[in-house]
Amino acid sequence: MPRSVNHVASRARRKKILKLTRGYYGCRRNVWTVAKNTWEKGLTYAYRDRKDKKRNFRALWIQRINAAARMEDLSYSKLMGLIHKSGIEINRKVLADLALNNPAAFKAIVAKVKNA
């Protein structure tokens, strides 16, 4: 009995990954083994960088809050300590947005924290 090989499925599997590697440079786009390795490595980079993105945004928020706080004669750490001590529940993302887009509201928060 002749050997049965499912060429349709294996070709479809290869074509699916080669389609995902469109736009890569040189052999990375059309040589099966290189393309597959490149695609798999790209998935690990994507996973890692989704975590890095959160880290980078938190650092950006902290820099913005620090710059705005220093205009009010406070450092970032002192401001955050006073905010936590006064019981104001506001996260860094919102605080940085206020510092950038609504300085009056940020000044009001700083004034309330200084008085508390």
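Shown above is the structure to which this text applies.
(A) Broad picture of the pattern of salt bridges. Counting across every chain of the model gives three salt bridges. For the salt bridge of lysine 36 with glutamate 40, the shortest nitrogen-to-oxygen distance reads 3.0 Å. Placement of the pair is lysine 36 and glutamate 40 together in helix H3 (residues 32-71), with a separation of four residues, close to one helical turn. For lysine 36, a relative accessible area of 29% puts it in the partly exposed group. Arginine 48 serves as the salt-bridge partner of aspartate 49, at 2.9 Å between the closest nitrogen and oxygen. Judged by relative accessible area, which is 34%, aspartate 49 ranks as partly exposed.

(B) Fine view of a positive patch on the surface. Taken together, the side chains of Arg11, Arg13, Arg14, Lys15, Lys16, Lys19 and Arg22 define a basic patch exposed on the protein surface. Within the fold, arginine 13 resides in helix H1 (residues 7-20).

(C) Examining the environment of lysine 107 more closely. The residue lysine 107 is located in helix H6 (residues 103-115) in this model. Remark: the alpha-carbon pair of lysine 107 and lysine 54, spanning 53 residues in sequence, is separated by 27 Å.

(D) Just the nonpolar core, in detail. Counting 17 residues, the largest nonpolar core has Ile65, Leu79, Ile83, Ile90, Leu95, Phe106 and Ile109 as the members making the most contacts within it. Contributing elements (two or more residues each) for this core: H3, helix H4 (76-86), helix H5 (92-101) and H6. Among all residues touching phenylalanine 106, those that are not within four sequence positions of it are Ile65, Ala68, Ala69, Leu79, Leu95, Leu98 and Ala99.

(E) Local environment of H5. For H5, every residue scored as buried is listed here: Leu95, Ala96, Leu98 and Ala99. The arc that holds every buried residue of H5, seen down its axis, measures 160°, which confines them to one face. In H5, the exposed residues that point more than 90 degrees away from the buried face are Lys93 and Asn101. Along its buried surface, H5 packs onto H3, H4 and H6.

(F) Seen up close, the side chain of serine 75. Along the chain, the position of serine 75 falls in the loop between H3 and H4. Taking relative accessible area as the criterion, serine 75 reaches 15% and is therefore assigned buried. A polar contact of 3.4 Å, which involves the side chain of serine 75, links it to the side chain of serine 77. Here the side chain of serine 75 touches lysine 78 through a polar contact of 3.3 Å, landing on its backbone nitrogen. Once residues within four sequence positions are removed from consideration, serine 75 is found in contact with Asn66, Ala69 and Arg70.

Quick notes on the rules
- Residues numbered from 1 in each chain as written.
- Predicted model: local features only at pLDDT ≥ 70, side-chain atom pairs only at ≥ 80, totals over all residues.
- Heavy atoms only, no water.
- Salt bridge = Lys/Arg side-chain N within 4 Å of Asp/Glu carboxyl O.
- Helix = DSSP H or I, 4+ residues; strand = E, 2+ residues; numbered from the N terminus.
- Buried < 20%, exposed > 50% of the residue type's maximum accessible area, 1.4 Å probe, protein only.
- Patch = residues over 30% accessible without salt bridge, like charges linked within 9 Å, V, L, I, M, F, W, Y side chains within 5 Å.
- Areas by Shrake-Rupley, 256 points an atom, 1.4 Å probe, with all protein chains shown as cover.
- Lys, Arg positive; Asp, Glu negative; His and termini not counted.
- Charge placed at Lys NZ, Arg CZ, Asp CG, Glu CD.
- Core = buried A, V, L, I, M, F, W, Y, C linked by side-chain atoms within 4.5 Å.
- Contact = heavy atoms within 4.5 Å.
- Arc of directions from axis to C-beta.
- Polar contact = N/O pair within 3.5 Å; in protein donor to acceptor, adjacent residues only side chain to side chain.

Remember, this is a structural readout, not a statement about activity or role.
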